[in-house]
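Below, each chain spelled out in residue letters.
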Amino acid sequence: MMGNAREGSATFMLLAESDSAPQPRILYIGRGESRVGLAEVYISLIRPQIIRSDPTLERQPLDLKTDAVLEVVIEKASLLYYLDHGTLRNYAISD
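So, here's what we can say about the structure.

What counts, and at which threshold
- Residues numbered from 1 in each chain as written.
- Predicted model: local features only at pLDDT ≥ 70, side-chain atom pairs only at ≥ 80, totals over all residues.
- Heavy atoms only, no water.
- Pairing = 2+ DSSP bridges.
- Helix = DSSP H or I, 4+ residues; strand = E, 2+ residues; numbered from the N terminus.

Describing the pairing of strand 8 (residues 77–84)
For strand 7 (residues 68–73) and strand 8, the ladder comprises 5 bridges, and the chain directions are antiparallel. Bridge assignment links Val 73 to a residue of strand 8, and that residue is Ala 77. Where strand 7 folds back onto strand 8 in an antiparallel hairpin, the turn is made up of 3 residues, including Glu 75, whose phi is positive at roughly 65°. Following strand 8, the chain reverses through 2 residues before pairing antiparallel with strand 9 (residues 87–94); His 85 in that reversal takes a positive phi of roughly 55°.

Below, the structure is given as structure tokens:
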């Protein structure tokens, strides 16, 4: 989810309770100043697959085993956020 207020913005993941997580929890991807041009940023769901970054980043492909959230700043960058054994990680896809 993404939100924007006069003085601040936030992007976060809300995890529902499951067998491995007995209570729902919120993981913050980013908190910061208000984003005036929020239309320039979007998030989308990514299903498990092999993820390859832009070749200029020289990163190994990521074998994504769970659902993830892709945050895209149009014409600037894209980061994939995913859980790895309960730890929130990110993987740069483009810069």
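Points about the pairing of strand 9
Here strand 8 runs beside strand 9; their pairing, made up of 7 bridges, is antiparallel. For Leu 80, the partnering residue across the bridge sits in strand 9 and is Tyr 91.

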